[in-house]
Amino acid sequence: MPAPMRDQPWLIRTYAGHSTAKASNALYRGNLAKGQTGLSVAFDLPTQTGYDSDHVLARGEVGKVGVPVCHLGDMAMLFEDIPLEQMNTSMTINATAPWLLALYIAVAEQQGADVRQLQGTVQNDLIKEYLSRGTYICPPKPSLAMIADVAEYCYTNVPKWNPMNVCSYHLQEAGATPEQELAFALATAIAVLDELRPRVPEDDFPVLVGRISFFVNAGIRFVTEMCKMRAFVDLWDEICETRYGVTDAKYRRFRYGVQVNSLGLTEQQPENNVYRILIEMLAVTLSKKARARAVQLPAWNEALGLPRPWDQQWSMRMQQIMAFETDLLEYGDLFDGNPAVDAKVEELKIGARAELANLGSMGGAIAAIDYMKAQLVLSNADRINRIETGDTVVVGVNRYTASEPSPLMGEDGGIMVVDPAVEQDQIDRLQAWRAGRDADAVAAALADLRAAASAGRNIMPASIAAARAGVTTGEWAGVMRAVHGEYRGPTGVSKAMSNKTEGLDDIRAAVAAVSDTLGRRLKFLVGKPGLDGHSNGAEQIAFRARDCGMEIAYEGIRLTPEEIVTAASAEDAHVIGLSILSGSHIPLIEDVMRRLRDAGMDHIPVIVGGIIPDEDAEKLKTLGVAMVYTPKDFELNRIMMDIVTLVDPHRIAAE
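Bear in mind that the values here come from a model prediction, so they are computed numbers and not experimental data. (Residues numbered from 1 in each chain as written. Predicted model: local features only at pLDDT ≥ 70, side-chain atom pairs only at ≥ 80, totals over all residues. Heavy atoms only, no water.)

For the rest of this paragraph, the subject is unusual backbone geometry. In terms of backbone geometry, most residues other than glycine have negative phi values and most peptide bonds are trans. Of note in this structure, Asp 81 is not a glycine but carries a positive phi near 65°. Within the fold, Asp 81 resides in the loop between helix H3 (72–78) and strand E4 (88–92). Residue classification places Asp 81 among the exposed residues on the basis of a relative accessible area of 65%. Although it is not a glycine, Asn 124 adopts a positive phi angle of roughly 55°. Structurally, the position occupied by Asn 124 is in the loop between strand E5 (119–122) and helix H5 (127–133). What makes Asn 124 buried here is its relative accessible area of 1%. (Helix = DSSP H or I, 4+ residues; strand = E, 2+ residues; numbered from the N terminus. Buried < 20%, exposed > 50% of the residue type's maximum accessible area, 1.4 Å probe, protein only.)

Glancing now at the nonpolar core. Core analysis: the largest hydrophobic core is formed by 145 residues, its most contacted members being Met 75, Phe 214 and Trp 236. With 31 residues, the next largest nonpolar core counts Val 514, Ala 538, Ile 541 and Phe 543 among its residues. (Core = buried A, V, L, I, M, F, W, Y, C linked by side-chain atoms within 4.5 Å.)

Applying the stated criterion to the full structure yields 41 salt bridges. The shortest N-O distance in the salt bridge between Arg 353 and Glu 346 comes to 4.0 Å. Residue Arg 353 is classed as partly exposed on the basis of its relative accessible area, which comes to 30%. A salt bridge links Lys 373 to Glu 539; the shortest N-O distance between them is 2.6 Å. Highlighted residues: Lys 373 in helix H14 (residues 369–389) and Glu 539 in helix H20 (residues 536–547), separated in sequence by 166 residues. Its relative accessible area of 3% is what places Glu 539 among the buried residues. (Salt bridge = Lys/Arg side-chain N within 4 Å of Asp/Glu carboxyl O.)

Okay, the side chain of Gln 269 next. Within the secondary structure layout, Gln 269 lies in the loop between strand E9 (256–259) and helix H11 (273–282). Residue contacts for Gln 269: discarding those within four places in its chain leaves Gly 396, Tyr 400, Thr 401, Ala 402 and Ser 403. (Contact = heavy atoms within 4.5 Å.)

One open sheet accounts for five strands, arranged E12-E11-E13-E14-E15; its pairing is parallel. One side of each edge strand has no neighbouring strand; the edge strands of this open sheet are strand E12 (551–554) and strand E15 (627–629). Taken pair by pair, the neighbouring strands of this sheet meet at an average axis angle of 20°, ignoring direction. When strand E14 (residues 606–610) meets E15, the two strands line up parallel, connected through three bridges. (Pairing = 2+ DSSP bridges. Axes fitted to C-alpha atoms, helices over the stretch in contact; angles between N-to-C directions.)

Across a sheet, paired strands are connected by hydrogen bonds in the backbone, their directions being either parallel or antiparallel. One open sheet holds the five strands; their spatial order is E1-E10-E9-E8-E7, and the pairing between them is parallel. A strand with exactly one partner marks an edge of an open sheet, and here the two such strands are strand E1 (11–13) and strand E7 (165–167). Strand-to-strand, the axes of this sheet are offset by a mean angle of 20°, without reference to chain direction. As defined by bridge partners, strand E8 (residues 213–216) adjoins E9 across three bridges and the pair is classed as parallel. Note on E9: the bridge partner recorded for Phe 215 is Gly 257. Across the sheet, helix H12 (residues 309–325) lies against E1 and strand E10 (294–296), angled at about 160° from E1, the strand it touches most.

This is the structure we're talking about:
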C-alpha cells in the first residue's frame, strides 16, 4: 500500500537572542543548521521599551533577556549571512514594533531582497502590554493607531508579512482563565480591526483581516487547552463573518503561533519541565483543525535563568521528533465528533461570548483595560491560592518533593550568564555609531518623523527613512513620547481588601499586633526597579499583603532606584520589597541599597524576589538585603510572616 500523505509540519522556532547582535547571529545560524525552520527574535528590555543602551534606565538590562538593537548597524549584524528574503522571522516586539520592522526592512534592502517577498510577524500587540507584559510606552489610543499604521503599511508594501500577533500568551502567564484568554484576545483583535476598517477600501478589508495572526499559550491541562484552541478557531470565524462580513473562508482562518506555558515551569526538580513542555505541545499539535502554524518551546531550565544553546536544542528536538518520527501528520483531525471535546469547546465558547459582551458594553478593549487588568490579578490570586492549599497539585513543588540531585545542572548551575562586559561593549559601539553618522540627515529624518506623528499620518515611511539615516531606537521612541506622551498602566491592585482572607487570621493578628507596637499600620512598599514589566509576582505579593492587613504602597512597574528610595521616604515605609525577573538584580539592588545608606534609611529592611541564582542571592545578602525569594518560594503566607518578623520592634530590640 502507498504510504499515507503527510501534512507539512508547523514552523519550528526557538525564541532566542542575548548579549549582542553578533552573538545572537551566531546562535541563529547554529539553530538553523540544526533544523530550525523559522527565526524568533527576543529583544532586550531597553530595545522593547524604546531606550538606547546608554540610557540611565537601561543600566543592568542590556542584553539580559534578549538582543540589544539600537540602530541599523545592530540589525544588519543580527541577520548577517541570513538571507531575509528566504526567512520567516517572528519578532517579539510591541511598543517599538514600527521601528524594529523599519530596521528589518532597511536591512533587507541592503541585502538586495525584494521587500514584497518578506515573510514573518511583528507581535505589535500593545493592549496585552498594559495587562500583563509592561513594555508599553505611549497611551492606549495612539498605540492602537501605531498598530494600525504597521498593518496598513504592510498590506500595501509587505503583503506577506503578518503585521500583528494578537497575543494571549502573556494573558495566561498573568493568570487568565481559558475564557478570559479567549475573550480578552478576541476583544483586542476587534479593537484593531475596527481601527483598520476605515483605512482601506471596503473590498480589500477581508485581505487585511486575513493577515491578522495570533500568538497563544498552552498550559498543562492539555485537554482544556486543545479545546480552547478549537474554540478560538470557531469564535474567530464567527467574528470575521458576522461582525466584518468576510465571506471567503480562507480569510477567516485562525492562524496562530504558540509558545507553551512558562508560568508552570518550576525551579524545583526542573527536569520535570521537559515532560510539561511536551504535554503542553500536544494541545497545539494533536488537533489538525486547530493546529499551530508555528511552535516555539521554552527550555527545561527557564525557571532558573537564561537557557544555554544545548537546552534550546533539546526543546527543538522535541518538536522534530513529534513532526518527523511520529505518524501524527498522516491523519485528519483526531477529535472531530468527540462528545467530550464538543461539550468542552461549547462551554468555553459560551463563557468567552459572555465576557466579550461584557467588554463590549464597556466600550471595547481600550476602554476596559483597567477592568481586564483587575480580573487578571484576581484570577492569578485564585491560581496561587489553589497551589498553596494543595487543591492544584504541582509535582515537586507541593507534592512529591523528595528529590535526587540533578546531574543536568553542571558546574555552570544549568544556565547561561551574560558577561557584564557586554553592556559597556554595546555602549561603546553605539557611541561610535552616533559619531560616524550624518548629523544633518538624522535631524531631518527625526523632524519628518515628528511631523508625521503629529499630523496623524502613517509613521512607517518616515520610520524607514529614519532607519536608513542612522536614527537610534531611543531617538525614534523619544519622538513618540514627545508627540503622544507616556503612560503608566493600571496595577490591578486596589487599596480595598478583597474577599480572599480565609486562612489569614493568624497573619492578620500578627500584623495588627506589630502595627499597635509601631503606633501605626505596618507599611509595605513594593517596587519594581528597572525595565522589567513582568509584574505578576509583585502584584500577588501586594495583593496578599493588603489582605493580611498591611498598608501597601505599589505604583507599578519601571521605577528607578532613586524613585523607589524617594517613595520609601515619602511613604515612611517599614519594609521595602523589590521584584526583578530580568536578571538585572545585582546592579539595580546595589544602587537601591547605596541610595538608602546615603539617605540614612538603611535601617529599613529590604526583601527581594526574582529568578535569582544562589550565588547572586548570597551577594545580595552581603549588600544588606534581608531576605531573597525565588519561584520556589510559592507559600506567600510564609513571606507575609517574614515581613512581620522583620519589622517587629520587639525582635529589633532583642537584637
